[in-house]
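So the chains spell out like this:
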Amino acid sequence: MKTLLFLLLIAATSTLHGQRLELMAAMNYNSFYGHGAGIDRASYHSAPGFSAGIALDSIKWGRLKPRYSMQFDFYQGSLKVTEGGPSYSKAVEAQVQKLVVGLCFMPFYIRTKKRIDFNFGLEVSGLIHENFSGTTWGYGPFTPTYSYNLTEHYKRFSSILNLGLKARIGYNIQISNSWDICIQYLFYRGLGPEFYYVSGVRSMRHCVGVGFRKKIRKR
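Residues numbered from 1 in each chain as written. Predicted model: local features only at pLDDT ≥ 70, side-chain atom pairs only at ≥ 80, totals over all residues. Heavy atoms only, no water.

Observations regarding the overall build of the chain
Then, in step 1: Each helix and strand counted, the chain has two helices and 10 strands in total.
Then, in step 2: Buried residues in the chain amount to 44% of all 219 residues.
Then, in step 3: Sequence separation of 24 or more characterises 68% of the internal contacts of the chain that already satisfy a separation of 6 or more.
Then, in step 4: Carbon and sulfur atoms make up 63% of the accessible area of the chain, which amounts to about 12,000 Å² in all. (Helix = DSSP H or I, 4+ residues; strand = E, 2+ residues; numbered from the N terminus. Buried < 20%, exposed > 50% of the residue type's maximum accessible area, 1.4 Å probe, protein only. Contact = heavy atoms within 4.5 Å. Areas by Shrake-Rupley, 256 points an atom, 1.4 Å probe, with all protein chains shown as cover.)

Listed below in structure tokens is the structure:
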């Protein structure tokens, strides 16, 4: 995360002529997913949320035009997961709401017809706040059958840091020499576990929103 903050600082203090600064607001739709890695049975329920962020793009870096962004995502969902083996079984049923901040670096950029942008890169996100509720139950070879409330035993349910792939499609509408409106779709697929207590569960988010972009000019 410190590396991405450093890259954002370099982008903001380097050659700014021709770059575009964007403010974005959007609705997201989150889905938890995951099978294997010890998970025997799983069911997930998706839910809507919202996102907001700031981005800097059209940066000339050799042959590349990377996009840097910082985005806040509030997302939620529920899960019921059963893990087990020959001598043990553990089940978790939880409802989770999360607020995270993500720093994204998208070095891959394609523009078609001077209006449509394609970006692809990596995002590192950090947990700001979470709300969770639910129960867990199970048994083991040396553990009697148990059942208890998650909030009574855990102060934190979610992973603090995560890493994911992010893709973006934007349609730009010029409204003046300095301003554009960008209708955009973003897709995030998590590479790391969403929860430290339940292994193998990841997040996938669809995001549709509008960005207001201003061209930065030399004074």
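So, next bit.
Regarding the packing of aromatic side chains
Then, in step 1: Counting across every chain of the model gives nine aromatic pairs.
Then, in step 2: Ring geometry for F50 against F74: centres 5.2 Å apart, planes inclined by 25 degrees, an arrangement best described as stacked. On the criterion of sequence distance, the pair formed by F50 in strand β3 (residues 47–57) and F74 in strand β4 (residues 67–84) is long-range, its members being 24 residues apart.
Then, in step 3: When its relative accessible area of 48% is taken as the criterion, F50 is described as partly exposed. (Phe/Tyr/Trp six-rings, centres within 6.5 Å; stacked < 30°, edge-to-face > 60°.)

Some thoughts on the side chain of D117
Then, in step 1: If you trace the backbone, D117 turns up in strand β6 (residues 116–140).
Then, in step 2: Ignoring any residue separated from it by four or fewer positions in sequence, one finds D117 in contact with Y109, I110, R111, R168, I169, G170, N172 and R213.

As for the environment of G138
Then, in step 1: Positionally, G138 belongs in strand β6.
Then, in step 2: Beyond its immediate sequence surroundings of up to four residues, G138 is in contact with S89, K90, P144, T145 and Y146.

Notes on the pattern of salt bridges
Two side chains bearing opposite charge may form a pair once their charged atoms approach each other closely.
Then, in step 1: Scanning the entire structure with this criterion turns up 10 salt bridges.
Then, in step 2: The shortest N-O distance in the salt bridge between R20 and D180 comes to 3.3 Å. Within this pair, whereas R20 is found in strand β1 (residues 20–33), its partner D180 is found in strand β9 (residues 179–190), the two being separated by 160 residues in sequence.
Then, in step 3: Here R20 falls in the buried class, since its relative accessible area comes to 16%.
Then, in step 4: Judged by relative accessible area, D180 falls into the buried class, the value being 7%.
Then, in step 5: Between D57 and R213 there is a salt bridge, and its shortest N-O distance comes to 2.7 Å. Pair noted here: D57 is in strand β3 and R213 is in strand β10 (residues 202–215), with a separation of 156 residues, a long-range link. Each member of the pair, D57 as well as R213, carries the same accessibility label: buried.
Then, in step 6: Look at the salt bridges and you will find they share partners, linking R20, E22, D57, R67, R168, D180 and R213 into a network. (Salt bridge = Lys/Arg side-chain N within 4 Å of Asp/Glu carboxyl O.)

These results come straight from atomic positions and should not be treated as a statement about function.
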